[in-house]
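Listed here are the chains, written in short residue letters.
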Amino acid sequence: MFQKTSLTTIIVGVFIVYVLHTCWVMYGIVYTKPCERPQSDTCISPYLAGKPRLQLSIYTSIQPNAEGGHSLIHKEEDFNVHTKFERLINVSLPKKTRRNGTLYAIVFLHQAGVLPWQDPRQVHLVTQLTTYMLPKPPEVSLIKGQDEHLHQEQRSAGGAGEQDRPVSHWRSRLTLNIVAEDFLFDREALPSDVHRYMRVFNSGKKMVYLPLLFIDELSNRVKDLMEINSSTAEMPLTVSYDTIALGKLRFWIHMQDAVYSLQQFGFTEKDADEIKGIFVDTNLYFLALTFFVAAFHLLFDFLAFKNDISFWKHKKSMVGMSSKAVLWRCFSTIVIFLYLLDEQTSLLVLIPAGVGSLIEVWKVKKAFKIYIVWKGVAPEFQFGKSDESERRTEEYDSLAMKYLSYLLYPLCVGGAVYALVFVKYKSWYSWLINSLVNGVYAFGFLFMLPQLFVNYKLKSVAHLPWKAFMYKAFNTFIDDVFAFIITMPTSHRLACFRDDAVFIIYLYQRWLYPVDRTRVNEYGVSYDEEPKRKLHKD
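Residues numbered from 1 in each chain as written. Predicted model: local features only at pLDDT ≥ 70, side-chain atom pairs only at ≥ 80, totals over all residues. Heavy atoms only, no water.

(A) Local environment of unusual backbone geometry. We note that K51 has phi near 50°; this positive angle belongs to a residue other than glycine. Position of K51 relative to the elements: it lies in the loop between strand 1 (43–46) and strand 2 (54–61). Of note, N100 is a non-glycine position whose phi angle comes to about 65°, a positive value. Tracing the backbone shows N100 in the loop between helix 2 (95–98) and strand 5 (104–111). On the basis of relative accessibility, which here comes to 27%, the residue N100 falls in the partly exposed class. (Helix = DSSP H or I, 4+ residues; strand = E, 2+ residues; numbered from the N terminus. Buried < 20%, exposed > 50% of the residue type's maximum accessible area, 1.4 Å probe, protein only.)

(B) Region of the structure containing the packing of aromatic side chains. This model, assessed by the stated rule, comprises 14 aromatic pairs. When the centroid spacing of 5.0 Å and the interplanar angle of 65° are considered together, the rings of F79 and Y241 count as edge-to-face. Of the two residues, F79 sits in strand 3 (residues 71–79) while Y241 sits in strand 15 (residues 234–243), which places them 162 residues apart along the sequence. The class of Y241 is buried, set by a relative accessible area of 4%. (Phe/Tyr/Trp six-rings, centres within 6.5 Å; stacked < 30°, edge-to-face > 60°.)

(C) Just the environment of I62, in detail. Relative to the assigned elements, I62 resides in the loop between strand 2 and strand 3. Here I62 falls in the partly exposed class, since its relative accessible area comes to 33%. Spatially, the C-alpha atom of I62 lies 8.8 Å from that of A105, the residues being 43 residues apart in sequence. Excluding residues within four positions of it along the chain, I62 makes contact with P94, K96, T97, T102, L103 and Y104. (Contact = heavy atoms within 4.5 Å.)

(D) Representation of the state of the cysteines. Under the definition given, this model contains one disulfide. Two residues share a disulfide in this structure: C35 and C43, whose sulfurs sit 1.7 Å from each other. In this structure, the disulfide formed by C35 and C43 twists by about -70° around the S-S bond and is classed as left-handed. Taken as a pair, C35 and C43 share a single burial class, namely buried. (Disulfide = S-S within 2.5 Å.)

(E) Region of the structure containing a nonpolar patch on the surface. A contiguous nonpolar patch, built from L7, I10, V14 and F302 and spanning about 350 Å² of accessible area, is present on the exposed surface. Here the nonpolar patch takes three residues from helix 1 (residues 7–30), the largest share from any one element. Relative to the helices and strands, V14 resides in helix 1. Residue classification places V14 among the exposed positions, given a relative accessible area of 52%. (Patch = residues over 30% accessible without salt bridge, like charges linked within 9 Å, V, L, I, M, F, W, Y side chains within 5 Å. Areas by Shrake-Rupley, 256 points an atom, 1.4 Å probe, with all protein chains shown as cover. Salt bridge = Lys/Arg side-chain N within 4 Å of Asp/Glu carboxyl O.)

(F) Spatial organisation of helix 1. Helix length check: helix 1, at 24 residues, gives a terminal C-alpha distance of 35 Å against a target of 34 Å (1.5 Å per residue), a fit within 8%. Of the positions making up helix 1, those classed as buried are T8, F15, V19, T22 and I29. (Expected span 1.5 Å × (residues − 1).)

(G) Broad picture of the sheet that holds strand 7 (residues 130–133). Taken together, three strands build an open sheet; the order of strands is 7-8-14 and the sheet is antiparallel. The sheet terminates laterally at strand 7 and strand 14 (225–227), the two strands that pair on one side only. Taken pair by pair, the neighbouring strands of this sheet meet at an average axis angle of 40°, ignoring direction. Note: strand 7 against strand 8 (residues 167–171), four bridges, orientation antiparallel. Directly across from M133, in strand 8, lies its bridge partner V167. (Pairing = 2+ DSSP bridges. Axes fitted to C-alpha atoms, helices over the stretch in contact; angles between N-to-C directions.)

(H) Region of the structure containing the sheet that holds strand 4 (residues 85–92). Read across the sheet, four strands follow the order 4-15-9-13 without closing on themselves; strand pairing throughout is mixed. Of all the strands in the sheet, the pair left with one neighbour each is strand 4 and strand 13 (213–215). Adjacent strand axes in the sheet meet at a mean angle of 25° when their direction is disregarded. Sheet topology note: the strand 4/strand 15 ladder contains eight bridges and is antiparallel. Bridge assignment links E86 to a residue of strand 15, and that residue is S240.

(I) Representation of the packing of helix 1 against helix 5 (residues 246–264) in the model. Two elements in contact, helix 1 and helix 5, have axes separated by 7 Å at closest approach and are oriented at 125°. With respect to their mutual orientation, helix 1 and helix 5 come out oblique. Residues M26, G28, I29 and V30 of helix 1 touch helix 5, and the partners they reach there are G247, R250, F251 and H254. (Parallel < 35°, antiparallel > 145°, perpendicular 65-115°, else oblique.)

(J) Representation of the confidence of the model for the protein chain. Residues with a pLDDT of 70 or more make up 74% of the protein chain, whose mean pLDDT is 76. Segment residues 147–161 is flagged for pLDDT under 50; beyond a separation of four residues in sequence, or across chains, it makes eight contacts in the model. Within the model, pLDDT remains below 50 along residues 522–538, and this stretch shows 18 contacts once partners closer than five positions in the same chain are excluded. (pLDDT = per-residue confidence, 0-100.)

(K) Expanded view of the pattern of salt bridges. The tally for this structure, following the rule as stated, stands at nine salt bridges. We note a salt bridge from E360 to K363, for which the minimum N-O separation is 3.2 Å. On the criterion of helical spacing, the pair formed by E360 and K363 is a turn pair, its members being three residues apart in helix 9 (residues 347–367). A residue is classified by how much of its surface remains accessible, and K363, at 2% relative accessible area, is buried.

(L) Broad picture of the environment of F305. Looking at the element boundaries, F305 is found in helix 7 (residues 284–313). Residues F305 and P352 lie 47 residues apart in sequence; the distance between their C-alpha atoms is 9.3 Å. Those residues in contact with F305 that lie beyond four places of it in its chain are P352, V355, G356 and I359.

(M) Inspection of the side chain of T32 at higher detail. Inspection of the secondary structure puts T32 in the loop between helix 1 and strand 1. Within the structure, the side chain of T32 is placed 2.9 Å from the side chain of R250, a separation counted as a polar contact. Non-local contacts of T32, meaning those with residues more than four positions away in its chain, are made with F183, F185, P191, L246 and R250. (Polar contact = N/O pair within 3.5 Å; in protein donor to acceptor, adjacent residues only side chain to side chain.)

In structure tokens, the structure reads:
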């Protein structure tokens, strides 16, 4: 009859379909079909093909429109769309902006020597030069108390709750792009993403589109933001211009829309900055690599979690398993999750870390045979008993931990004292989390060694969840690549390479102690009997 399809096969199949569909969608974004008959009425010609004399003018206004009060801050009179430039200008701030208000920039591209409002063929875009974000708390030395008096003065001057509410920040970069290529659009196949940036007029029997002006919002990074206060009279603004290919323009439009949607769903400016870094700090080839890396990372995360849960769900004996290593892994996973949460790192790393923490807590319950019995409204914790084989494993485990403690505890305490005296942190909580996570990252691999020691004493690795190990190893290798693409703490990057070395030792032990497939496991079934039993059921 029909063979039963596993959940893993279904997930992998859905993953392959998703990747192929995404590649097709990306191709449709990057490639735009040109008009095949240039002389037909369906073609839309570029206005820049006539090489008109243009001027670039930038105004500021407290209103998001081209009408009303505005101030000219910069202009390029002999503007050449093919020549890139970068200008540093100082912008005067209105009183309303200095009082936690907003300021907009209105960018015009119009005929040279004519005011923008007098040119019927001008194009313009509006963008914010300010954004709201929580101010960065001052970092102080927890022992020496440096800058503490300054922090108190700032709080008394600005109010007790100033650090708890968003304040206006200045975006110090304004990046402009124009599509300079003479591309003929087909009116019947005009991309919807380009349509909203396009203005068209009739020139005789032909349709002509004005220059495609684009403001790159992805270049506005958190590191470039400057806090605005009431005493700030002016702020620096770097205006940069460069041409952009049509395919990249369409891709950038979609990415900006995606970031804007995330912000509407509650993502903060710093959350969005993590995503912007993926697109701005890398080229298009790296972006393609980022997509595949992220997709495989999520796939292997799911498969590792699935196989790990399946292994521990049916595990009834801790023979050959280091219970202290399980307990440490639970503790270290929770510490790493809290650290990544405190650092506000990418959600692509944060969510799997949170799920992994919950799984590790459940594994501790299974490893120590903890049972929760409810007596009335109060829970009571009960522990199961260990057999002779499990007690022998615990002896090896305790012996390994005894040797490790001579090295581990002094190093961790010394690192925490050093951080307390010489490093500045935002709070005691940050110091505690950073000290714990530095101990986990720097010396955490030592807690993987008791399992290696138990394997060595028992001369066996049959008790380990090798499928989950393999998926976690693949994920670690992916993390090695991914750590250099997205923003991650340096210690988290080093931990990826550390886990690679430990896994290689596990592989060596698997080769050194091959699994006896005729031996009966803890469930009373051998590897050779299990296929026969399945065949008998079919």
